[in-house]
Amino acid sequence: MRLRRLVELMERERIDVYIISQKSSIYYYSGTTGGTFLLVNLDFEPLLLAPKVDYTISLEQAKGCRVYPYKRDQILEIIESELKKINARVIGFDDLPIEVYKGLNERYKEGEFINTSKIIWEMRKIKDPQEEALMRRAGELASIGMNSIMESLREGVREFELAAEAVHSMMRAGAEGLAFPISIASGPRSVYPHAGVTDREIKRGDFVTVDLGASYKEYKSDLTRTFIVGRPTKEKAEIYETVLKAKEAAMMEFKEGAKGRDLDKTARDIIDKEGSSEYFVHSLGHGVGLDIHEPPSLSEISEDTLTSGNIVTCEPGIYIPGKGGVRIEDTVLVGRGGAERLTRFVESLDEVCI
Ligand SMILES: [Mn+2]
């Protein structure tokens, strides 16, 4: 089905053969986690190249594909002979390793190689009902992980111990792994949007920003909450409330037809009014699915417009050096009249104070 649609789009773009090498796109079109290159031609005879170590799993999973096991030094030769066989003129590719790109250009002068993943994302950014169900489950699993962290959060516990709780609870509940490495940004570290996890002990008064996601049948979720250990100072409470207000205002506008740029602006304007826009150092959100970051993007320079079936994050944040950082994030499914939260977790100031 998906391959059939891809072939239609290739015909529209006048591409004779498409070489897919992004792992997640190979999975999307072939159903296997094993292949390295998927060549799709207009005759609907996809060819999956798998290193010998992944041949067995690829053969089992990749239904409807010819599967070819290769040794490293055979890649150029195999791809070239496939291109020759179908007399390919225009060859699209998404993400070829530079040595493969150079090698093919040298060997196959008859072809024009075009770097474009537009048609792949045209498909992948609109989730079908089956994908929506998997994403719902990935979202629930993230919420389970966040809950276990909230239950373990207290003075004296270390960041890595909190992360371990989340891994344990999510995988016990059926996650096959993490969507990305967990980030636990406590105290002075809360000003790092990408903080990782350290052995730092949680102290009274800390902001603790937890960013995590589960992977469920290859689909990813993304959820962030900032907790406050003890009663917040007035300043900390204000930072928190501003981020929450920005998130709520933007969320109201998440629906088919909304522009990524406008959504980002809605959140940014609210943070701006409080005098903090220079501390909102990233974009409002991003698409999520088989990859943790994918189109569409919701940023100041976004050209994207939301459509039903997009799954995106909404995640404003403020990070003030010397004072602290807050981010609140949910993964949502865009519909005609609004958005459905796929991650659900408390977010009012009262509820996140431990
Ligand atoms: Mn995110």
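What comes next concerns the included structure. What you are looking at is a predicted structure, and each value in this text was computed from that prediction instead of being measured.

Turning next to the overall build of the chain. What the chain contains, in helices and strands, is 11 helices and 19 strands. Here the C-alpha coordinates of the chain stretch approximately 70 × 40 × 35 Å along the principal axes. Buried residues in the chain amount to 45% of all 354 residues. Relative to all contacts within the chain whose residues are 6 or more apart in sequence, the contacts with residues 24 or more apart total 64%.

As a further point, take the pairing of strand E14 (residues 294-298). For E14, the buried fraction is high: 5 of the 5 residues fall into the buried class. The pairing of strand E13 (residues 285-287) with E14 spans 3 bridges and is antiparallel. When the sheet's bridge partners are listed, Gly287 is paired in E14 with Glu294. Counted along the chain from E13 to the antiparallel partner E14, the turn is 6 residues long.

Turning to the packing of helix H7 (residues 129-152) against helix H8 (residues 159-172), a few remarks are in order. One can describe the packing of H7 onto H8 by two numbers: an axis separation of 8 Å at closest approach and a directional angle of 140°. Taken together, the axis directions place H7 and H8 in an arrangement best described as oblique. For the pair H7 and H8, the sense of crossing is right-handed. Every residue of H8 that contacts H7 at Leu141, Ile144, Gly145, Ser148, Ile149 and Ser152 is listed here: Leu162, Glu165, Ala166, Ser169 and Met170. In terms of residue class, the contact of H7 with H8 is made up of 6 nonpolar, 4 polar and 1 charged.

The 6 strands lie next to each other as E4-E3-E2-E1-E5-E6, forming an open sheet whose pairing is mixed. A strand with exactly one partner marks an edge of an open sheet, and here the two such strands are strand E4 (66-70) and strand E6 (112-115). Recorded for the sheet is a direction-independent mean angle of 20° between the axes of neighbouring strands. Two elements, strand E3 (residues 47-51) and E4, share 5 bridges in a ladder whose sense is parallel. Looking at E4, one finds that Leu48 is bridged to Val67.

What counts and what doesn't
- Residues numbered from 1 in each chain as written.
- Predicted model: local features only at pLDDT ≥ 70, side-chain atom pairs only at ≥ 80, totals over all residues.
- Helix = DSSP H or I, 4+ residues; strand = E, 2+ residues; numbered from the N terminus.
- Buried ≥ 20, exposed ≤ 12 C-beta atoms within 10 Å, placed from the backbone.
- Contact = placed C-beta atoms within 7 Å.
- Pairing = 2+ DSSP bridges.
- Axes fitted to C-alpha atoms, helices over the stretch in contact; angles between N-to-C directions.
- Parallel < 35°, antiparallel > 145°, perpendicular 65-115°, else oblique.
- Left-handed = near helix turned anticlockwise from the far one by under 90°.
- Nonpolar A, V, L, I, M, F, W, Y, C, P; charged D, E, K, R; others polar.

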